[in-house]
Amino acid sequence: MPPPTAESEALEARPSLAQGAATRAAVVVAVTLALLGAAWLLPALAVVVIWPLLYLVPGWATVALARPRIEAPGRLGLAIVISVVASTYLVWLLSLAGGYGRGVVFAAAGLLSVPLALAAWRGSIELASSLRSIRRSWPAFAIAGLAALFVGGVLGISLWRVTAEGVSSGGSNWSDLGVHLGIAQSLNAGNFPPQVPYFAGLPLVYHWFADLHAAIAAAAAGLFAVPAMVVQSGILAGALALLVHALARHLIHGPGGRRAALIAAGLAVFGGGLGYLRFFGDLSAGLGDPLSLIAANSYDNEWLTGWPYFRIPSVMGTGLLVHRATMAGLPILVGGLLLLVAGLPIADQRRRGWRDRPVLIGLAGGLGALLAPFHFFFFPAYLGLALLYVLIGRRLDSPRNALLFLAPYLLALPFALPALLQSADSGALQLVRGWESAPIKDGAAAVVFFYLTNLGLPFVLALVALLVAGMPRRAFLAAWVALLFWVPNVVQVSSIAFDMNKYFQAMWIAVAILAGWLVRRWPTPALVALFALSVPAPLLVAAWTATSHLQVLSAQQLAAADWVAANTPQRAVFVTDGWVNSLTDPAGRLRLTTFGPYVANLGYSPDERIAQVQAIYCAGNPVLSADLMRSLHAGYLVDTGRPADCATPTDFAASNDFTLAYESPEVRIWRLTDPASGP
């Protein structure tokens, strides 16, 4: 027998290596299935079993396969947003075929866990390397961790505060929470494909995927949606900081780039304008002590005040603490741009030997496409910014790259087209001469003063940076700022003009990067002064959110909501008085109408429905009320008080059409005796 050679030994080793890989993969599959089964039986386990699949695993695997030239903070930020987008879209897609429910969530979780088995097969988990990368970039992770803990902490103590008096919510969430809670809770109560939970009978044409993702997490763990929303907001706030840092690192090269990126990440999340000047003015005027003033005022976005006006909210003020679409959409937008910048080098870089990365370009297009159901406003903004990057970078040279980027936009059509048509048909889409919230009537000087004070010192520094020689990617960043500043001043895509402020928040990312570059060499005391002048307004609005107690539901309404959730059909439709909050929201049931502008903001006219609800409560004719309810497919009526102009209140007890189903001193709920006889 001839002696063994290196080649023969390698051939003999291959079967054992393959067997070892198969064994590892089989073990991972078995453990994963066992954990999924345990989480199914013990829902609390889903927090540690399912939630990592919704927030990390698929995105981490995608980034590992794509191998972008992006540092660890950016990789983690991308892993989070890719996972959120992919898991939400997958559940939506599976639900179209089999109906939404906890079973579909677990089926999606099984598919999302496949990368774990593939990693075990390849033996590609490099924990030591990952830990070294984290240690090298610890300041970026520290800023992201601070952002996550800050946002999650503020919302954790304020979003749904239950006391003996009922439920209160801090800051602007008292008016916004009901919309999002109603979406998430009604989804988990069978509202799929979703009707508008607060305008029952019509499809939900809204950027609702952030609420769907929270609903998925809550359904998996058998939770009320609010805790899932709090965790989601904290994680995505941290992802935003990581992605801004990574994008700044790619756009700003040379000495001081790392420091500039850290400053940009801090300003992007915690920076804002000069609204806090009104706080000091109120203090000096003796209008209250500091704590009472903070608990009663935003000092970041105030409407019912005189000059000086502060009406542009900071990213923290509404984007991370209130507007759930922005909370998800902003990091997705930044993540998509990061992938595009990393995957498509500009012409100068190509001449220096940088190569196109087709996988990254395709991923950038995919994130941009699926941005649509997360944030309708940022969806076209992302396309505009991507086009600016390509044009300014002189990269209109590859049909293949264009196809890779644009092909995923087919996925956006089911979401973008209905929203666009709805906006156009409703008349919400219109040209304007200046943003409505700016003091246009006071003249050009007043408008300039308004924007400078509302956007504050970082905005001024960003403008200065654009005038300084040597500013990297100056043309692209200038175009970014100009485009997103220009949009709210020339077009309105919502019936509520104030909503166009979201474009200023997307603009703020470029502002933070520009300001970070300009001050990268400033001494530490000067940087401390910069942040001291830039963060008070966002911190004050966070303090207002954390300490204010604005009632959402009374204790008796909350008890009635529990009864409704336990004793009425899941897709039951209720008549309510049309106030912004209703006991149907936490119960996950549908109602006929809400605050009119919220309905109009979806492109629907609320007037006829409001008149019908008014007649149900106040026409004084229970037979007419019953007929109207049947025509609207409503089976229940909440009687907690009547509209203010109710001249002839309807006596529902006087008709056999109504049966009293629930009663407390404050709340009565009537059931339509024969709802099936309606059309």
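Everything that follows concerns the structure shown earlier in this document.
Owing to the predicted nature of the structure, the values given are computational and were not obtained by experimental measurement.

S.K.: How do you make sense of empty space enclosed by the protein when you look at a structure like this?
M.R.: Under the counting rule described, the total for this entry stands at five cavities of 30 Å³ or more. Put simply, the largest cavity is a space of about 90 Å³. A per-element tally of the lining of the largest cavity places helix H25 (residues 502-518) first, with three residues. For the lining of the largest cavity, the class distribution of residues is six nonpolar, six polar and no charged. The volume enclosed by the second largest cavity comes to roughly 70 Å³. Taken together, Leu155, Leu159, Asn173, Asp176, Leu177, His180, Met229, Ser233, Leu320, Leu321, Val322 and Arg324 make up the full set of residues lining the second largest cavity. Only helix H10 (173-187) and helix H12 (225-251) provide two or more residues apiece to the lining of the second largest cavity. In terms of residues, the lining of the second largest cavity owes the most to one element, H10, which gives four residues.

S.K.: Whenever I open this one, the nonpolar core confuses me. Can you help?
M.R.: Within soluble globular proteins, side chains that are nonpolar generally end up buried alongside one another. In terms of nonpolar packing, the biggest core is built from 188 residues, with Ile50, Tyr100, Trp208 and Trp480 touching the most fellow members. Residue contributions to this core peak at 17 residues, all from H12. Ignoring sequence-local partners within four residues, the contact set of Trp480 consists of Leu247, Leu333, Leu337, Leu385, Leu388, Ala506, Met507, Ile509 and Ala510. With 21 residues, the next largest nonpolar core counts Leu590, Leu592, Val613 and Ala615 among its residues.

S.K.: Would you mind going over the pattern of salt bridges with me for this structure?
M.R.: Pairing of side chains with opposite charge becomes possible as their charged atoms draw close. Scanning the entire structure with this criterion turns up 14 salt bridges. Asp657 is the salt-bridge partner of Arg630, the closest N and O atoms lying 3.2 Å from each other. Pair noted here: Arg630 is in helix H32 (residues 622-631) and Asp657 is in the loop between strand S8 (636-639) and strand S9 (658-663), with a separation of 27 residues, a long-range link. By relative accessible area, which is 9% here, Arg630 ends up buried. Where Arg668 meets Asp639, a salt bridge forms, and the shortest distance between an N and an O atom there is 3.5 Å. Taken together, the residues Arg668 in strand S10 (residues 668-672) and Asp639 in strand S8 connect sequence positions 29 residues apart. Taking relative accessible area as the criterion, Arg668 reaches 30% and is therefore assigned partly exposed. We classify Asp639 as buried; its relative accessible area is 7%.

Calculation criteria
Residues numbered from 1 in each chain as written. Predicted model: local features only at pLDDT ≥ 70, side-chain atom pairs only at ≥ 80, totals over all residues. Heavy atoms only, no water. 1 Å grid on protein atoms, 1.4 Å probe; cavity = no way out; pocket = protein on both sides within 12 Å on 5 of 7 lines; lining within 4 Å. Points joined across faces, edges and corners; volume = space filled by probe spheres on them. Helix = DSSP H or I, 4+ residues; strand = E, 2+ residues; numbered from the N terminus. Nonpolar A, V, L, I, M, F, W, Y, C, P; charged D, E, K, R; others polar. Core = buried A, V, L, I, M, F, W, Y, C linked by side-chain atoms within 4.5 Å. Buried < 20%, exposed > 50% of the residue type's maximum accessible area, 1.4 Å probe, protein only. Contact = heavy atoms within 4.5 Å. Salt bridge = Lys/Arg side-chain N within 4 Å of Asp/Glu carboxyl O.

Interpretation in functional terms is not warranted from these geometric data alone.
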